[in-house]
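Summary of structural features
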Amino acid sequence: MSELRDLLTIAERTAAAAGAALLEHRKAWAVIEAEQGREVKIDADKRAEALILAALELATPFAAISEEAGWTRAMQRGDRYVWAVDPLDGSVNYLRDYPHCAVSIALLDNGAPVLGVVDCFVLAERFTGIVGEGAWLNGQPMRVSEIDDPAGGILQTGVPSRASADSMALFEARLKAWRKVRMIGSAASALAYVAAGRAEAYRESGSMIWDVAAGCALVRAAGGEYRIGGDALDQPLEVAAGNARVVLPA
């Protein structure tokens with residue numbers, strides 16, 4: 001496990017540098033480059049991604065899959081280890097000075113998230129974790145909650161960005177089961193909050209692996225569980241994560 005500890009240090013250092021740059025250059029980088037439906041791409045996405053991918057490539061030999069660049073070292077897609085990077089999860093939040101946005105970096109082991117860093121740089125909260133070893137918020141241990149009934153719990157979710165009639169019907173049905181529902185506009189942050197016990201579960205359809213990999217690693221490292229359903233790492237996914245009492249009921 002010492003190898004994963006070293007890799008977590010690399011991911012944490014890289015995320016921290018990207019978060020600091022996003023804060024420092026907010027005015028200059030908060031420029032819309034493209035809009036498609038509800039999706040917005042801003043200059044900050046590409047600039048932060050370039051910083052992250054350069055740092056990871058310098059420090060490790062692993063391929064990466066990232067929101068803006070797609071696959072790097074594409075000929076190595078069969079490698080055991082792959083980085084999954086969302087350089088700025090919550091671009092609209094960043095653009096509007098809404099604090100829930102994050103740098104998200106995960107390591108996949110044969111497709112399964114095994115470590116993650118979610119750096120919520122505006123709020124100065126850095127969530128880190130290694131599956132099988134533990135999870136931490138700013139260096140202090142964190143655990144998923146023990147609430148076992150959705151009627152008494154909080155669901156973190158979002159309106160499916162790649163919505164269909166079926167996914168919207170499923171979305172509506174989910175809302176009715178929970179005491180409270182939170183939609184903060186950043187999947188990585190939402191999953192980190194579940195790992196920290198601030199909410200019981202996260203559910204969303206149409207997520208991409210870079211949106212959720214780090215957060216799912218955090219949830220499992222903090223004693224919870226996740227399910228990721230989909231055909232390939234570069235295709236939309238169905239994601240459920242939370243404490244095992246609500247995500248994996250008997």
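Look a little higher up for the structure.
First things first, this report covers the structure right here in the doc.

Rules used in this analysis
Residues numbered from 1 in each chain as written. Predicted model: local features only at pLDDT ≥ 70, side-chain atom pairs only at ≥ 80, totals over all residues. Heavy atoms only, no water. Core = buried A, V, L, I, M, F, W, Y, C linked by side-chain atoms within 4.5 Å. Buried < 20%, exposed > 50% of the residue type's maximum accessible area, 1.4 Å probe, protein only. Helix = DSSP H or I, 4+ residues; strand = E, 2+ residues; numbered from the N terminus. Contact = heavy atoms within 4.5 Å. Pairing = 2+ DSSP bridges. Axes fitted to C-alpha atoms, helices over the stretch in contact; angles between N-to-C directions. Expected span 1.5 Å × (residues − 1).

Membership of the largest hydrophobic core comes to 40 residues, with the highest contact counts inside it found for Val118, Phe127 and Tyr202. Counting residues per element, this core draws most heavily on helix 7 (residues 209-221), which supplies nine residues. In contact with Tyr202, other than residues within four places in its own chain, are Leu155, Gln156, Ala187, Ala190, Leu191, Val194, Ser207, Val212, Val239, Ala240 and Ala241. The next biggest cluster of nonpolar side chains, apart from the first, holds 34 residues, and it includes Ala11, Ile52, Val114 and Phe121.

The mixed open sheet is built from five strands, whose spatial order is 12-11-13-15-14. Both edges of this open sheet fall to strand 12 (180-182) and strand 14 (225-229), since each of them pairs with a single strand only. Strand-to-strand twist across the sheet, computed as the mean angle between neighbouring axes with direction ignored, equals 15 degrees. Taken together, the three bridges between strand 11 (residues 154-157) and strand 12 define a ladder with parallel strand orientation.

So, on to the environment of Ala187. Tracing the backbone through its elements, the reader meets Ala187 in helix 6 (residues 187-195). Given the relative accessible area of 13%, Ala187 is considered buried. When the C-alpha atoms of Ala187 and Glu204 are compared, they prove to be 8.6 Å apart, with 17 residues separating the residues in sequence. When residues no more than four places from it in sequence are discounted, the contact partners of Ala187 are Asp89, Tyr202, Asp211 and Val212.

Now for the pairing of strand 15 (residues 237-242). Of all six residues that make up strand 15, five are buried, and the element is covered over most of its length. Direction of pairing for strand 13 (residues 201-207) relative to strand 15: antiparallel, over a ladder of six bridges. Its bridge partner being in strand 15, Arg203 is matched across the sheet by Ala240. As paired strands, strand 14 and strand 15 are joined by five bridges and run antiparallel to one another. Note on strand 15: the bridge partner recorded for Arg227 is Ala240.

As a further point, take helix 7. Taking 1.5 Å as the rise per residue, helix 7 with 13 residues should run 18 Å; its terminal C-alpha atoms sit 18 Å apart, in good agreement. Counting buried positions along helix 7 gives 12 out of 13 residues, so the element sits mostly inside the fold. Within helix 7 the residues assigned to the buried category are Ile209, Trp210, Asp211, Val212, Ala213, Ala214, Gly215, Cys216, Ala217, Leu218, Val219 and Ala221.

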